[in-house]
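Working through the structure, step by step
So the chains spell out like this:
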Amino acid sequence: MNQNVSPPVAGDAWARVAERVAGQHWPASTLYVVATPIGNLGDLGLRAWHALLRADVIAAEDTRASRTLLDAWGIGTPLMAAHRHNEAAAAQAICERLAQGQRVALVSDAGAPAVSDPGARVVRAVREAGFTVVPVPGPSAVIAALMGSGVTTDENPAYAFAGFPPPKATARQRWLRTWCALPAPVVMFESPHRLAATLADLLEVCGPARLLTVARELTKRFEEIATFPLGEAAAWLAADTHREQGEFVLIAHAQDGREADEDADPRADALLDALLETLSVRDASKVAAKVTGLSRDVLYNRALARKHS
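Residues numbered from 1 in each chain as written. Predicted model: local features only at pLDDT ≥ 70, side-chain atom pairs only at ≥ 80, totals over all residues. Heavy atoms only, no water.

1. Points about the pattern of salt bridges
Inspection of the entire model under this criterion finds seven salt bridges. Between Arg 67 and Asp 71 there is a salt bridge whose closest N-O contact spans 3.6 Å. Of the two residues, Arg 67 and Asp 71 are both situated in helix α3 (residues 63-72); the distance of four residues between them amounts to about one turn of the helix. Under the relative-accessibility criterion, Arg 67 is labelled partly exposed at 24%. With a closest N to O distance of 3.7 Å, Glu 217 and Lys 220 form a salt bridge. The exposure class of Glu 217 is buried, given its relative accessible area of 16%. The network of salt bridges with common partners includes Arg 216, Glu 224 and Arg 243. (Salt bridge = Lys/Arg side-chain N within 4 Å of Asp/Glu carboxyl O. Helix = DSSP H or I, 4+ residues; strand = E, 2+ residues; numbered from the N terminus. Buried < 20%, exposed > 50% of the residue type's maximum accessible area, 1.4 Å probe, protein only.)

2. Thoughts on the environment of Pro 139
Tracing the chain through its elements places Pro 139 in the loop between β5 (132-136) and α6 (141-149). Taking the C-alpha atoms as reference, Pro 139 lies 22 Å from Arg 124; in sequence the two are 15 residues apart. Those residues in contact with Pro 139 that lie beyond four places of it in its chain are Ala 35, Thr 36, Pro 37, Ile 38, Asp 43, Gly 111 and Ala 112. (Contact = heavy atoms within 4.5 Å.)

3. Observations regarding the side chain of Glu 87
Relative to the helices and strands, Glu 87 resides in helix α4 (residues 87-99). One buried charged side chain, Glu 87, makes no salt bridge at all; its nearest oppositely charged neighbour is Arg 121, positioned 5.9 Å away. A polar side-chain atom of Glu 87 sits 2.8 Å from the main-chain amide nitrogen of Gly 119. When sequence neighbours within four positions are dropped, the list of residues in contact with Glu 87 reads Pro 118, Gly 119, Ala 120, Arg 121 and Val 122. (Lys, Arg positive; Asp, Glu negative; His and termini not counted. Polar contact = N/O pair within 3.5 Å; in protein donor to acceptor, adjacent residues only side chain to side chain.)

4. Some details on the sheet that holds strand β9 (residues 224-229)
Judged by pairing direction, the sheet is mixed, and its five strands sit side by side in the order β6-β7-β10-β8-β9 without closing on themselves. Strands with a single pairing partner mark the edges of an open sheet, and in this sheet they are β6 (160-163) and β9. Put simply, the sheet's adjacent strands are angled 20° from each other on average, direction ignored. Sheet topology places strand β8 (residues 211-216) next to β9; six bridges connect them, and they run antiparallel. (Pairing = 2+ DSSP bridges. Axes fitted to C-alpha atoms, helices over the stretch in contact; angles between N-to-C directions.)

5. Here's the deal with the environment of Ser 116
By the element assignment, Ser 116 lies in the loop between β4 (103-107) and α5 (120-128). Judged by relative accessible area, which is 32%, Ser 116 ranks as partly exposed. Residues Ser 116 and Asp 12 lie 104 residues apart in sequence; the distance between their C-alpha atoms is 38 Å. Not counting residues up to four positions away in its chain, the partners in contact with Ser 116 are Phe 161, Gly 163, Phe 164 and Phe 189.

6. Notes on the domain arrangement of the chain
For the chain, the domain assignment lists domain 1 (15-139), domain 2 (154-252) and domain 3 (266-307). Placing the centre of domain 1 and that of domain 3 at their C-alpha centroids yields a distance of 52 Å. (Domains from an automatic or database assignment.)

7. Examining the nonpolar core
Within the largest apolar cluster, 23 residues are counted, with the highest numbers of intra-cluster contacts made by Met 188, Leu 199, Leu 202, Leu 212 and Leu 250. For this core, the secondary structure elements donating two or more residues are β6, α7 (169-180), β7 (186-190), α8 (195-206), β8, β9, α9 (233-238) and β10 (248-252). Per-element accounting of this core gives the leading share, five residues, to α8. Not counting chain neighbours up to four residues away, the residues in contact with Met 188 comprise Gly 163, Pro 165, Trp 175, Leu 176, Leu 202, Phe 248, Val 249, Leu 250 and Ala 252. (Core = buried A, V, L, I, M, F, W, Y, C linked by side-chain atoms within 4.5 Å.)

Structure below.
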């Protein structure tokens, strides 16, 4: 099908659905928590569009960034600031507007407000004041990365969302050891200027065999989703300078069952404790692997965790 040709019924279908959505219940004195595109303007939902149009005011993390989106969609609703530095005052102002019967929409710069973004304090304050909160779901970098990675299954849909790692190396490694010990994929965000350091720490904490998915520029023109062992992460990053740009979602895959069993072997732990009294983490794991026949990578991770515990 020619991608440059729109189906002739698309406009009619949009109008019919828009009319149905417009006729839905839009209660006053309500906070609408609206998810916005994470990079692609086309991802704003029809219900989100109506919520933003019908609001008396939109509380935004960054009013300038939100105005760009609103202008693109022909939304002229006034804006007010609601970011992490004024969230308490913004929550009070929003509650006052709701008490007057207004509709207020809450948005962050991109994605879902109150999910690793400002907004949770506003939502709590509104609920505690007795007003209704209506979430209007939509784009999410977490869900987009999970959808594109195939890391979960129907049989085991579990995953953990950890947000951004700490900026300093020692705290970051401690944080990664805690999260990556979970028996589920761990989704985290990272900024371009710390990506290389976080990949190096993931390698040290999880070992070279652990699978990692890197999703960058999700929903945008240069979207990329790649999965590889952590031992190949540095080479992947160095292969293209463009890979140091954009917004990143990292997914540390769950270790497989065999590794989990080895990870919990008390005899291996006892051996590692004895070896670590005189040997480095690397040498202790190497000797323990020869003695036990277990995976050197798993034993390295165990030795590292025990050394710092």
